[in-house]
Amino acid sequence: MAPLRMVILGRQGAGKGTQSQRLVAEFGCVHLSTGDALRAAVAAGTQLGRQAQSIMDSGGLVGDDVMNGIVRERLADEDVSSKGVLLDGYPRTAEQADALERILEGLEQRLDAAINIEVPVEAATERMLERGRSDDTVDAISRRLQLYEKQTAPLLDWFEARGLLVTVDGVGTLDEVFDRVVAGIESTAGGRL
Ligand code: AMP
């Protein structure tokens, strides 16, 4: 099977993390979550982690250059090149989407699908409050949701214009949503599976 390169989108609390774990197990690709990468940097106390922590706690966005650098470095790694990748939490801005396109071009790779998991704001907020992450305070959640609508939701058109968008109803059991996602990927990236 050719390595798949995919992006998973959807407002925070849509269940991207859980679906991502299932997807990488199914398709054998590497899960690249920029939120996880930042949380690892915070836990390790690196310079990046120290800079990112307060931004993350407030629900803001870490700078595009920093994020593009993290992704550029990881996509060039041999395991990612050979196994493919599921990008989770990136791109989040138009600037990041353009950077991703340039990074992939430079590596002579291309995206196969952008999965958009749709969940209403109320359900997403409830799920975030349940998981209890340190940046899941009411204020930070509301800021993240606002930034998502303003900066990230417009990227759906960007992916649609490239014929990559797979929109899936994210309300349902884990298995139901997963089946919808896989069916969507098969119809969009089918020729390469
Ligand atoms: P997530 O785990 O995707 O919800 O990300 C947690 C936090 O990390 C976000 O609220 C942002 O502060 C930061 N973050 C993760 N990915 C990005 C990104 N692509 N661009 C900017 N900030 C990000």
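In what follows, the structure referred to is the one given above.
Report follows, based on the coordinates. (Residues numbered from 1 in each chain as written. Predicted model: local features only at pLDDT ≥ 70, side-chain atom pairs only at ≥ 80, totals over all residues. Heavy atoms only, no water.)

So, the overall build of the protein chain
Thinking step 1. Along its length, the protein chain carries 10 helices and five strands.
Thinking step 2. A compact globule built from 193 residues should have a C-alpha radius of gyration of about 16 Å, and the protein chain, at 16 Å, falls within 12% of that.
Thinking step 3. By the burial criterion, 46% of the 193 residues in the protein chain qualify as buried.
Thinking step 4. At a minimum sequence separation of 6, the contacts of the protein chain that also span at least 24 residues come to 74%.
Thinking step 5. Roughly 9300 Å² of accessible area belongs to the protein chain as shown, and the carbon and sulfur atoms make up 49% of that amount. (Helix = DSSP H or I, 4+ residues; strand = E, 2+ residues; numbered from the N terminus. Rg over C-alpha atoms; globule rule 2.2 N^0.38 Å. Buried < 20%, exposed > 50% of the residue type's maximum accessible area, 1.4 Å probe, protein only. Contact = heavy atoms within 4.5 Å. Areas by Shrake-Rupley, 256 points an atom, 1.4 Å probe, with all protein chains shown as cover.)

Side note on helix H4 (residues 64-75)
In an α-helix, one turn spans 3.6 residues, which is why side chains three or four residues apart end up on the same side.
Thinking step 1. Helix length check: H4 (12 residues) gives 16 Å between terminal C-alpha atoms against 16 Å at 1.5 Å per residue, within 8%.
Thinking step 2. Those residues of H4 lying buried are Met67, Asn68, Ile70, Val71 and Leu75. All buried residues of H4 fall inside an arc of 160° around its axis, so they share one side. Exposed and oriented more than 90 degrees from the buried face of H4 are Asp65 and Glu73.
Thinking step 3. Next to the buried residues of H4 lie strand S2 (30-33), helix H2 (34-44), helix H3 (47-58), helix H5 (78-83), strand S3 (84-88) and helix H6 (94-106). (Expected span 1.5 Å × (residues − 1). Arc of directions from axis to C-beta.)

Some remarks on the site of the ligand
Thinking step 1. Every one of the 15 residues lining the ligand counts as a neighbour, but Thr34, Arg39, Gly60, Gly89 and Gln96 are closest to it.
Thinking step 2. The separation between an oxygen atom of the ligand and a polar main-chain atom of Gly60 is 2.6 Å.
Thinking step 3. Contact distances for the ligand include 3.1 Å between a nitrogen atom and a backbone N or O atom of Val62.
Thinking step 4. Compared with its free state, where it exposes 480 Å², the ligand has 96% of that area covered by protein.
Thinking step 5. The biggest single contributor to the shell around the ligand is H2, with four residues.
Thinking step 6. Residue classes in the shell around the ligand are distributed as six nonpolar, five polar and four charged. (Near = heavy atom within 4 Å. Polar contact = N/O pair within 3.5 Å; in protein donor to acceptor, adjacent residues only side chain to side chain. Nonpolar A, V, L, I, M, F, W, Y, C, P; charged D, E, K, R; others polar.)

Remarks on the side chain of Arg11
Thinking step 1. Following the sequence through the fold, Arg11 ends up in the loop between strand S1 (4-9) and helix H1 (16-27).
Thinking step 2. Not counting residues within four places of it along the chain, the set of residues in contact with Arg11 comprises Lys16, Ile117, Val119, Pro120, Val121, Ala124, Leu145, Tyr148 and Glu149.

Remarks on the nonpolar core
Thinking step 1. Counting 30 residues, the largest nonpolar core has Val7, Leu75, Tyr90, Leu100 and Phe159 as the members making the most contacts within it.
Thinking step 2. Sort the elements by how many residues they give to this core and H6 lands first, with five residues.
Thinking step 3. In this structure, Leu75 is in contact with Leu32, Val80, Ser81, Val85, Leu100, Ile103, Leu104, Leu107 and Gln109, ignoring residues within four places of it in sequence.
Thinking step 4. In this structure, Val24, Cys29, Ile115 and Val168 belong to the second largest nonpolar core, which totals 22 residues. (Core = buried A, V, L, I, M, F, W, Y, C linked by side-chain atoms within 4.5 Å.)

Things to note about the pattern of salt bridges
Thinking step 1. Tallying each qualifying case throughout the model produces 10 salt bridges.
Thinking step 2. Residue Arg11 is joined to Glu149 by a salt bridge in which the shortest nitrogen-to-oxygen separation is 2.7 Å. Placement of Arg11 in the loop between S1 and H1 and of Glu149 in helix H8 (residues 138-152) is noted, with a sequence separation of 138 residues between them.
Thinking step 3. Asp135 is the salt-bridge partner of Arg133, the closest N and O atoms lying 2.9 Å from each other.
Thinking step 4. If you follow the salt bridges from partner to partner, you end up with Arg131, Arg133, Asp135, Asp136 and Arg144 in one network. (Salt bridge = Lys/Arg side-chain N within 4 Å of Asp/Glu carboxyl O.)

A word on the sheet that holds S3
Through backbone hydrogen bonds, the strands of a sheet pair up, either in parallel or in antiparallel fashion.
Thinking step 1. Pairing is parallel across the open sheet formed by five strands, whose spatial order is S2-S3-S1-S4-S5. Every other strand in the sheet has two partners, leaving S2 and strand S5 (165-169) as the edge strands with one partner each. Here the average twist between neighbouring strands, direction ignored, is 20°.
Thinking step 2. With four bridges connecting them, S2 and S3 associate as parallel partners. Bridge pairing in S3 links Val30 to Val85.
Thinking step 3. Running at roughly 160° to S5, helix H10 (residues 174-189) makes contact with S1, strand S4 (113-118) and S5 of the sheet. (Pairing = 2+ DSSP bridges. Axes fitted to C-alpha atoms, helices over the stretch in contact; angles between N-to-C directions.)

Coordinates in, geometry out; function isn't part of it.
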